[in-house]
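Given next are the chains, with one letter for each unit.
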Amino acid sequence: MKLTGAEILCETLTRLGVDHIFGYPGGAILPVYDALGKSKLHHILVRHEQGATHMADGYARASGGVGVAMATSGPGATNMVTGIATAMLDSSPVVCITGQVSSKLLGSDAFQEIDITGITMPITKYNVVVSKAEDIARTVREAFIIANSGRPGPVLVDITKDAQQASAEFDWDACGPQLPPKRVRNNHDQEEFDRAVELLNSAKRPVILAGRGILLSGAMQTFEQFVRTSNIPVAMTLLGIGCFPATDPMNLGMMGMHGEAWVNTAIQEADLLIAVGMRFDDRVTGDLRTYARNARKVHIEVDRAEINKNVTVDAAIVGDAGEMLANLLPHIHTRDHSAWLAHIKELRGDSAVRDIQSLPDSGHLYAAHVINDLWKVTKGGAIVATDVGQHQMWEAQYYHHNEPRTLVTSGGLGTMGFALPAAIGAKFARPDREVWAVVGDGGFQMTMSELATIVQEKLNVKIAIINNGYLGMVRQWQEFFYDKRYVATPLIAPDFVALANAFGIRGERVMCRKEVVPTIASARNSDQAVLIDFRVEQEDSVYPMVPAGAPLHEMIRRPNNPLVETASEP
Amino acid sequence: MQTIVAYVENKPGVLNRVASLTRRLAINIDSLTVGPTENEEIARMTICAHTDEKGAHRLEASLEKLVDVLLAENISGRSMLERDLALIKVAADQQNRPHLMELIKVFRGRVVDVAPESLIVEVSGTVDKIDGLLEVLRPFGVLEMARTGRIAMTRGNDLLRPPDAASRGKPEAAPASS
């Protein structure tokens, strides 16, 4: 069958099971858009290509499949850079398809020509220029395999306009992937494995560090079995949240810079850390020289390059989290850790039992209350996409995720502007689920143009703006480390309710605590998008906090007076 | 100094990816050589880098994550041969030419060009050996020098073969399930 390159692309995407493409047209990708119009693929017109990549990323994170973003050459492609880097740092499988000027013009600085494969080389798992129609199907099939195998990541396929226009024979069976013949490493090292088993079976104060690798591997059940069998408590990374139920008594909560004090203290006092699918990022370790000095370390990780990168480990098991845990399971003895668990419970002290819900209404509206109420009203059942900053940390502390793929957040790159487009992508991935974007007033103003995408797609996404009139996390650092010199952090925002209305979206404003629950409940009753502007306390800070580069146990604790907030018992 | 051998796809852009990776990891390359193998689709690289064992592990593992790198292996510390080739143009006149030739012979170099006021020496061997010859030639006046950078190979049965080309098209691993 003879098809144009553009038709081959659409046919290939359809056969790969793609149903949504987030994109923005332009000259160098026009032939593809013409073919898209004749296909059954659902194209979502975004308002900025950064939004397209975040949507594809949100789609991938919420679904476990591959998200697809599309843009034209030049500025269309360069606008994707932040979204691609976000997906790279969080190992998210995203395939970006960009148009490119005709192959005859390559290198001539033609209109809207840019070397996007050169630009994205360090922020993609792989990228490639396709300049022949007959190579499109094979290359796109390879891109999907690369994006979602091993440690997932973004792949960019740059297709020249003449390749889109030319005709070629299309035969699905003859255009199979031709990936390079790589050596298959035998990563199994019996000595390391035996040492890991021995450490696991002899530890007195062990802690499991659970990361996103468990979600990416789809290993939630095996992991739970591992926790039950070993009887070892679990601390979560930000991106690991959801891989093990937050309300499970064995789940201590999030570790690291804004982890609860008892979690970080338990890690510092542990005699064994079992890291599963996490990479000892500086935001979870704090100062490396003083990090978990009493603990031996076992690292289960799919990416060999992560072994001994930040923390030197005593036993490394390289491979898919689910498979490696399953290999370990038969060798693990169930041991009595009651003394250790009781000690951790003691560390929690009364900071856990003071439920913020039962605190008297002091007339202040705190972000922690808003997010905890959102959790209660939605019964923990929503998919929440967050932006980056204070509200992101409060979300991680006060919205207790029991299910995998329900928290969509930019951890590694920390990309402001992520929440709204990522929530849109998540809603397309899971139309059956309630989806909330929880976003600060700063980050929201970065990508708020995507409100128009919500309206055009008639999407039911709820938006909670945690509005404190500051770039809150930066303000907090200025408060703690720069003597309260608030340089460039106070920010003016438009009237978000009027703004929402201008887009044709219902807007609500919440000024005090008693309005929180009814407003959320009323928004949930609508089958359309609703934006709620929560005017929260302006100079509130996220506690506890480990200052950057400080030892993990040297946290700035919650102040007692005034009692701003406290952790809630899930 | 760490020595890593890699087999890569013999196609445009691969060297750029390798170089870009070392830049990103902030590892300084002392020498990087690329040449064809007996299979025209595959090229062999020898990378000598100023880094420690930990850095070499990271470089080796990160190299192997590149789609176009078929295999990367740190062979530092293994029994191996390392060779560098140099062409050195050294000032020589009637008077000192015989003396120069003597010295070159000691280093098993070959004189490959003789001109009235200079000669070109070809010498191959370990970096130390070439540096040694260079040291004794310097007083005569080294006018120009070109060096290839190191190539390396492990000895005997310690074989480092490229993966079977027949496995082309087989994905590196099964796609992660959701």
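Residues numbered from 1 in each chain as written. Chains lettered and ligands numbered in written order. Predicted model: local features only at pLDDT ≥ 70, side-chain atom pairs only at ≥ 80, totals over all residues.

So, about the overall build of chain B. Looking only at helices and strands, chain B has four helices and nine strands in total. The helix and strand sequence of chain B, counted from the amino end, reads β-α-β-β-α-β-β-α-β-β-α-β-β. Taken over the C-alpha trace, chain B has a radius of gyration of 20 Å; the compact-globule value for 178 residues is 16 Å, which it surpasses by more than 25%. Viewed in the frame of its principal axes, chain B has a C-alpha envelope of about 80 × 30 × 30 Å. When the 178 residues of chain B are sorted by exposure, 29% land in the buried category. Long-range pairs, those at least 24 residues apart, make up 74% of the contacts in chain B with a sequence separation of at least 6. (Helix = DSSP H or I, 4+ residues; strand = E, 2+ residues; numbered from the N terminus. Rg over C-alpha atoms; globule rule 2.2 N^0.38 Å. Buried ≥ 20, exposed ≤ 12 C-beta atoms within 10 Å, placed from the backbone. Contact = placed C-beta atoms within 7 Å.)

It is worth spelling out the interface of chain A and chain B at this point. Contact with chain A, which involves 27 residues of that partner, is made by 28 residues of chain B. Listing elements by their share of the side of chain A that touches chain B, those giving two or more residues are α7 (136-147) and α10 (212-217) of chain A. Grouping the amino acids of the side of chain A that touches chain B by side-chain chemistry returns 12 nonpolar, 11 polar and four charged. (Nonpolar A, V, L, I, M, F, W, Y, C, P; charged D, E, K, R; others polar.)

A word on the sheet that holds strand β5 (residues 94-100) of chain A. Each strand in a sheet pairs with its neighbour through backbone hydrogen bonds, running either in the same direction (parallel) or in the opposite one (antiparallel). Residue and element names in this part refer to chain A. Read across the sheet, six strands follow the order β3-β2-β4-β5-β7-β6 without closing on themselves; strand pairing throughout is parallel. Since the sheet does not close on itself, it has two edges, and those belong to β3 (42-45) and β6 (126-130), each with one partner. Taking each pair of neighbouring strands and ignoring which way they run, the sheet shows an average axis angle of 20°. Two strands pair when backbone bridges link them, and β6 and strand β7 (residues 155-160) are joined in this way by five bridges, in the parallel orientation. Looking at β7, one finds that Y126 is bridged to V155. (Pairing = 2+ DSSP bridges. Axes fitted to C-alpha atoms, helices over the stretch in contact; angles between N-to-C directions.)

Another aspect to go through is the environment of A166 of chain B. Along the chain, A166 of chain B falls in the segment after β9 (151-154). Each C-alpha atom, one on A166 of chain B and one on G13 of chain B, is 23 Å from the other, the two residues being 153 residues apart in sequence.

Once that is clear, we can look at the environment of I556 of chain A. Residue and element names in this part refer to chain A. Along the chain, I556 falls in the segment after β20 (530-535). On the basis of neighbour counts, which here come to 16 C-beta atoms within 10 Å, the residue I556 falls in the partly exposed class. Every residue in contact with I556, bar those within four places of it in the chain, is listed here: F480, Y543, P544, M545 and P547.

This part covers unusual backbone geometry. All names here are of chain A. Backbone torsion omega between Y543 and P544 reads -10°, so that peptide bond is classified as cis. In this fold, P544 is placed in the segment after β20. Even without being glycine, N231 reaches a positive phi, approximately 60°. Following the sequence through the fold, N231 ends up in the loop between α11 (220-230) and β10 (234-236). Although it is not a glycine, R405 sits at a positive phi angle of roughly 65°.

Another aspect to go through is helix α5 (residues 81-89) of chain A. Within an α-helix, residues lying three or four positions from one another point in the same direction, as the helix has 3.6 residues per turn. Residues and elements named next belong to chain A. The buried fraction of α5 amounts to seven of the nine residues, a majority that puts the element mostly inside the structure. Taken residue by residue, α5 has T82, G83, I84, A85, T86, A87 and M88 as its buried positions. Those residues of α5 that are buried lie in contact with α3 (49-63), β5, α6 (116-120) and β7. In the segment just after α5, S91 is the residue with positive phi, at about 50°.

A word on the confidence of the model for chain B. For chain B, per-residue confidence averages 92 on the pLDDT scale, and residues scoring 70 or more make up 94% of the total. Here residues 172-178 of chain B is a poorly scored stretch, pLDDT under 50, and it has 21 contacts once near neighbours within four places are set aside; other chains count. (pLDDT = per-residue confidence, 0-100.)

According to the domain assignment, chain A consists of domain 1 (2-174), domain 2 (190-348) and domain 3 (354-535). For the side of domain 2 of chain A that touches domain 3 of chain A, a count of residues per class yields nine nonpolar, three polar and no charged. (Domains from an automatic or database assignment.)

Residue and element names in this part refer to chain B. Taken as a whole, chain B is organised into domain 1 (2-78) and domain 2 (81-151). Computed from C-alpha atoms alone, the centre-to-centre distance between domain 1 and domain 2 is 29 Å. In this complex, domain 1 contributes six residues to the contact, which on the side of domain 2 involves five residues. Those elements giving two or more residues to the side of domain 1 that touches domain 2 turn out to be β2 (28-36) and β3 (42-50). Element by element, the count of residues in the side of domain 1 that touches domain 2 is highest for β2, at three residues. Counted by class, the side of domain 1 that touches domain 2 contains two nonpolar, four polar and no charged residues.

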